[in-house]
Structures are given as structure tokens and as C-alpha cells.
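Notes for the structure review
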Amino acid sequence: MNSLSRASRLLNNLKPSAATASTGVRSITTLQETLAAQVPGKQAKLAALKKEHGSKVIGKVTIDQLIGGARGVKCMLWETSNLDAEEGIRFRGLTIPECQQVLPTYSGKAGDGEPLLESLIWLLLTSEVPTKEQVDTLTAELHERSSKLPSHVVPLLNSLPKDMHPMTQFSIGLNAAQTASSFAKAYADGVPKNEYHLYALEDILNVFAVIPEIAATIYRNVYFDGVVTKDQSLDYSGNFCRMLGYNNPSFDELMRLYLCIHTDHEGGNASAHTTHLVGSTLSDPYLSYAAGLNALAGPLHGLANQEVLKWIQALQEKFEKEGKEVNADTITEFAWETLNAKKVIPGYGHAVLRKTDPRYTCQREFGLKHMPDDPLFKIVETIYQVMPGILTEHGKVANPYPNVDSHSGVLLWHYGFTQYQYYTVLFGVSRAVGGLCQLYWDRALGLPLERPKSHTPEWLESFAKNNPDA
Ligand SMILES: CC(=O)SCCNC(=O)CCNC(=O)[C@H](O)C(C)(C)COP(=O)(O)OP(=O)(O)OC[C@H]1O[C@@H](n2cnc3c(N)ncnc32)[C@H](O)[C@@H]1OP(=O)(O)O
Ligand SMILES: O=C([O-])CC(=O)C(=O)O
């Protein structure tokens, strides 16, 4: 088969069945059609930018930055979101409150409830705010694609030791699902590079579709009976909640909010960057995002949400034993013990943000609305009152304010979701969306292998010696 007919066959396969009504008349523009219309223009724009301005200097790099984890070094193209140190994240230009105002919700009315994850997938991929009808077609398509989880994955997950960390299991599960990759097959078959994005999109939508079952199987296996029950009459998040074993409309709303706000945080964060880096080698989207999951599993990144709960549990345990109340004074005492032991306060600080994370703020607002009297919610509120002052006094931290991980666990705990070792898996279900929507554009724009330059300490010493005024 020549590559043109293969590509047009793929495009036909990609059209969601729900987009064509039972009459066979297509009434709305599908996700694939929207993207197909955008790709040539975006490719041309990027080529023009490179041609006209490619040699312009946008920054310098100091030795501090080279040693210090490349903070602030501008070296990555990222379409889907942008992070401002003061304001926080914007998804395709929209802040979180703006997304909450304009994106379709479960009730169908924007602003009435939390946005659907499918709305955000559409927004991040296309930069357009979808209609509820468009979102519904995507929900139906993802439900249909969920059958593409290879049959060996659940038995493999069932065979894993229950005490293996849920993130390790998640990574194994997604790596194992890679046998279904269309991208890997297409590459092996020798498709031309201008078609890579078509196969990448196929894989990306399939990853979105199958990861709830991987994640839910891990949860049900490790903590319960291993039984996963779907309800595909619901949206992506609602169905995921049923698969996890939760059936509470308020928890469904929390999960919609949770899954939307954790999706994307521009390109430099470790999980997104890893996905982008691994994808740049033309590893397929399954392998690329499995690598991203391994980055998310680190305690300075996504694992911090479990560490926050662990920290609060240890705090409660200590003062209960001592017969003391958990209040501003005891929290301050415990925070100083942590800092003096040269450990971090989980959920505080950030590599880019210099103000309270708006993802913290919207979760706090959810808490104020749904659980203002919850004892753990109140502890988090008290921590928020004292911690910025403590960290400022400590004097090392560039940002003394809370990040997203500081609040997420407490909200889950309120609904009885107390298995905090699992929390980062939920983060991983959401982060797939940001990392992989960008990976689609990486391939559509033909971005090259990522390969920055490193230097030895000897080179740096000699550079510094020979360039006293640099
Ligand atoms: C989804 C996310 O990934 S959000 C981040 C989740 N991670 C956490 O919440 C873990 C706690 N926070 C941290 O460890 C850090 O703030 C990070 C990793 C998020 C950012 O790291 P950096 O950009 O290096 O932070 P910063 O420039 O403020 O670090 C300066 C010093 O303050 C320390 N510091 C930063 N945050 C904290 C904190 N919460 N508690 C104690 N010390 C801290 C750093 O360890 C560093 O110490 P060092 O000079 O001895 O190495
Ligand atoms: O931006 C970062 O470095 C970390 C973070 O908050 C995220 O990835 O969500």
C-alpha cells in the first residue's frame, strides 16, 4: 500500500463514530478534522519564524543555571500551556478560572460545575474551546477506544506484588500496552515523516482511553477486590470514578477538577519534559509517556502529593501521642523539626512559581464549598497561614508558597480516598493529557531530536578563567 492511501485510510479510521449520527450525516467538526485543518498553517508559521528570526538571541546561560538544573533557560517550544511565575498556568491562554467559566461541563452549561477533561483535551490539542456536542463525541470516542487495551495488560497487572508502588505498576502497565502502538508499527513499516503525527494522534487518543483502566486495576488490586466496573454512560472522569469504586456526584466533580488542573504546566516540568525528550527520539507515545510517569514518580515532583499526606499524618500522630492539639504553634514546631533535619516541606516551593499556585487556590475553593468543616481541610488551612512565614524565615526557599500537591490529597481523603501512596497515579492519568497533546504537535511540527550541550567542570573552570568579564 502506498503511503498516501495508508494515510487516508488512517484518517478514515480516526473519524469518531459518534461524530456521524446514525443517519450517517456528519453534523459537527470532529477533533481530527479540526487538527487536520490547523496543521499546514502551523507548520508554515513555524517555518517562517525560523527563517525570519531564527538567529535572534532570546537569553543567556550562566554557570549557575548550568549547574542549577537549567532554571529559567529558554530552550523548548511548548504549544499547549504557559506558566507565569506570578499568575500561574494558562492553558492555551486561559487561566483556571477562565477555563471554569467557558469549558463545557457535565451538566452541559459552561460555568455550572467543573470542566470536563475531554473539554481540556480539545482545548490543549486545538487551542479552541469546544462545544458540548464536540466534547460528547470525544467522550464517546474515548469510551470506544478503551477496548484497545491489549488483553495481556490486566493479567500482567494482576500478577504484580501488591506492595510494589502504584506508580511503578502504572509505568509497567503503560509500557506493556505499547504493543498496540500504531506509531511504532508505522515507523517500522517506513511511513514518511510528514505522516508521523497521524499515527501519533492515534496512539495518543488510545493512551487517554486505556489509562483509566490501567490505573483503576492497580487501585482495585492493591487495596480492594481487583474488580473494575465501568459506566460508559458517564463522561471520562465519572466513568473513571466508577472504575475506582466511587459513586458520589460530589467526588465526580472533584475528579473532574483534579484531572483538568493537573494536565499541563508548560514544558519544563520533569514529567512533560521527559515525555517530550523521549518522544523526540521517535519513541512512540506509549513509551514516551511511560518515561514521563517515571519522572512524575519522584518526590520533588508528582510524588509530593503523597508526601504531604504522610507529613500531615506524622504531625497528627506526634501531637496526639504528646496530648497536644494540632494548631498553628504545633505545626510551626513540626515544620522547624523537618527543616532542621534537612528535609523539605512537601507541597511548598516551586521551580518557577513565586506566588500561591492557582491550582492550590481552586482546590481550596472547592474545599471551602464542599467540606469547610473537615478537620484535615482545616489543618491544611492552618499550615497555609503559617508556612510561608516559616519558609521565609528559613531563608533558603525562592518560593515560600504552596503548590498544587499541598492541597490535592486532603480533598481526596475527605471522600474516603485515604490510600495516599496511590495519589500520584491520579496525577499521572491527568498529566498524560498535557504531555501527549504537546507530543502530537511535536510530531506535526516535525520537531527534531532534543540534544542540549553539556560541559565538564574543567571546561567551565577554564572558560571562567579565560573570560573574566563574561
Ligand atoms: C507538581 C509539582 O511538581 S510541584 C512541586 C512538588 N514538590 C514539592 O512540593 C517538594 C518540596 N519542594 C521542593 O523541594 C522545591 O521547592 C522544588 C523541588 C519544588 C523546587 O526546587 P528549586 O527550584 O530548587 O527551589 P529553590 O530554588 O527554592 O531551592 C532553594 C533551596 O531551598 C530548598 N527548598 C525549596 N523548597 C523547599 C521546601 N518546600 N522545604 C524545604 N526546603 C526547600 C531547596 O531544597 C534548596 O535547598 P539547597 O540550597 O540546600 O539545595
Ligand atoms: O512546573 C513544575 O516544575 C512542576 C509542576 O508544578 C507541575 O509539573 O505541575
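Residues numbered from 1 in each chain as written. Chains lettered and ligands numbered in written order. Predicted model: local features only at pLDDT ≥ 70, side-chain atom pairs only at ≥ 80, totals over all residues. Heavy atoms only, no water.

**Considerations on the packing of aromatic side chains**
The geometry of an aromatic ring pair is captured by the separation of the ring centres together with the interplanar angle, meaning the angle of the planes. Basically, it comes down to this: Stacked, edge-to-face and tilted labels apply to pairs of Phe, Tyr and Trp rings (six-membered ring for Trp) whose centres lie within 6.5 Å, assigned for plane angles under 30 degrees, over 60, and everything in between, in that order. Think of it this way: any DSSP run of H or I at least four residues long counts as a helix, any run of E at least two long counts as a strand, and we number them from the N terminus. In our convention, an over-ring charge means Lys NZ or Arg CZ found within 6 Å of a ring centre and within 35 degrees of that ring's normal.
For the structure on display, the rule yields 19 aromatic pairs. Ring centres of Tyr219 and Tyr223 lie 5.5 Å apart, and the angle between their planes is 55 degrees; on these two criteria the pair is classed as tilted. On the criterion of helical spacing, the pair formed by Tyr219 and Tyr223 is a turn pair, its members being four residues apart in helix α10 (residues 196–223). Among the aromatic side chains, those forming a connected cluster through ring pairs are Tyr219, Tyr223, Phe224, Tyr246, Phe251, Tyr415, Phe417, Tyr422 and Tyr423. The cationic tip of Lys42 hangs over the ring face of Trp441; the distance from NZ or CZ to the ring centre is 4.8 Å. Just above the ring of Tyr106 sits the side chain of Arg256; from NZ or CZ to the centre is 4.4 Å.

**Here we look at the site of ligand 1**
The following threshold applies: For this purpose, a residue is taken to be near a molecule or strand whenever a single non-hydrogen atom of the residue falls within 4 Å of it. Two N or O atoms form a polar contact when they lie within 3.5 Å of each other; inside protein one atom must be a possible hydrogen donor and the other a possible acceptor, and for residues adjacent in sequence the pair counts only when both atoms belong to side chains. Methods summary: accessible areas were calculated by the Shrake-Rupley approach with a probe of 1.4 Å, and residue burial reflects only the protein chains presented. Any residue that is not Ala, Val, Leu, Ile, Met, Phe, Trp, Tyr, Cys, Pro, Asp, Glu, Lys or Arg is counted as polar, Gly included; the first ten are nonpolar and the last four charged.
Around ligand 1, 20 residues are found, and the nearest of them are His301, Gly347, Tyr348, Lys396 and Ala398. Interatomic distance of 3.0 Å between a side-chain N/O atom of Asn403 and an oxygen atom of ligand 1. Computed on the free molecule, ligand 1 has an accessible area of 910 Å², of which 74% lies beneath the protein chains in the complex. Residue composition of the shell around ligand 1, grouped by class: 12 nonpolar, five polar and three charged.

**Considerations on the UniProt feature "active site" (unreviewed entry) in the protein**
Basically, it comes down to this: UniProt positions are given in the numbering used here, feature names are shortened, and annotations may be inferred rather than shown by experiment. Accessible area is worked out with a 1.4 Å probe on protein chains only. A residue is then buried under 20% of its type maximum, exposed over 50%, and partly exposed in between. The contact criterion used throughout is that any non-hydrogen atoms of two residues lie within 4.5 Å.
UniProt's feature table lists "active site" (unreviewed entry) at His301, His350 and Asp405, given in the numbering used throughout. Despite a sequence span of 105 residues, these residues sit close together in the fold, their greatest C-alpha distance being 10.7 Å. Relative to the helices and strands, His350 is located in the loop between α16 (328–340) and α17 (358–370). The partly exposed category is assigned to His350, whose relative accessible area is 24%. Within the local environment of His350, its side chain forms a polar contact with the backbone nitrogen of Val352, the two atoms lying 2.9 Å apart. Non-local contacts of Asp405, meaning those with residues more than four positions away in its chain, are made with His301, Gly302, Ala304, Asn305, Val308, Gly347 and Phe427.

**A short note on a nonpolar patch on the surface**
Spelled out, the test is: A residue counts toward a patch only above 30% relative accessible area and without a salt bridge, and it is joined to like-charged neighbours within 9 Å or, for Val, Leu, Ile, Met, Phe, Trp and Tyr, to nonpolar neighbours within 5 Å. Salt bridge, as used here: a side-chain nitrogen of Lys or Arg that lies within 4 Å of a carboxyl oxygen of Asp or Glu.
Taken together, Val61, Ile63, Leu66, Ile67, Trp459 and Phe463 make up a surface patch of nonpolar side chains, about 540 Å² in accessible area. The set of elements that each furnish at least two residues to the nonpolar patch consists of α3 (63–67) and α21 (457–466). If one sorts the elements of the nonpolar patch by residue count, α3 sits on top with three residues. Examined against the element boundaries, Ile67 turns out to sit in helix α3.

**Section: the state of the cysteines**
Joining two cysteines, a disulfide is a covalent bond between their sulfur atoms. Going by this rule: Two cysteine sulfur atoms make up a disulfide if the distance between them is within 2.5 Å.
For the structure on display, the rule yields zero disulfides. In this structure Cys241 is a free cysteine whose sulfur lies 12 Å from that of Cys260, the closest cysteine sulfur available. Among the residues examined, Cys241 registers a relative accessible area of 0% and is labelled buried. Of all cysteine sulfurs in the structure, the one in Cys260 sits closest to Cys437, which takes part in no disulfide; the separation is 12 Å.

**Things to note about the pairing of strand β1 (residues 81–84)**
Here is the rule we go by: Here a strand pair is declared whenever DSSP counts at least two bridges between the two strands.
On β1, burial follows the alternation: Ser81 and Leu83 on one face are buried, whereas Asn82 and Asp84 on the facing-out side are not. Pairing geometry for β1 and strand β2 (residues 88–91), over four bridges, is antiparallel. Across the sheet, the residue bridging to Asn82 is Arg90, located in β2. A loop of three residues connects β1 with β2, the two strands running antiparallel in sequence.

**Quick notes on the pattern of salt bridges**
Within this structure, the stated rule accounts for 21 salt bridges. The shortest N-O distance in the salt bridge between Lys318 and Glu337 comes to 3.1 Å. Residue Lys318 is located in helix α15 (residues 304–321), and its partner Glu337 is located in helix α16; the two are separated by 19 residues in the primary sequence. Residue classification places Lys318 among the partly exposed residues on the basis of a relative accessible area of 22%. A cluster of three or more residues bridged by salt bridges with shared partners is formed by Lys318, Glu322, Lys324, Glu333 and Glu337.

**Considering the site of ligand 2**
In the vicinity of ligand 2, the contacting residues are His265, Asn269, His301, His350, Arg359, Phe427 and Arg431. Asn269 places a polar side-chain atom, nitrogen or oxygen, 3.5 Å from an oxygen atom of ligand 2. In the complex, 86% of the free accessible area of ligand 2, which totals 270 Å², lies under the protein chains. Partitioning the shell around ligand 2 into residue classes produces one nonpolar, four polar and two charged.

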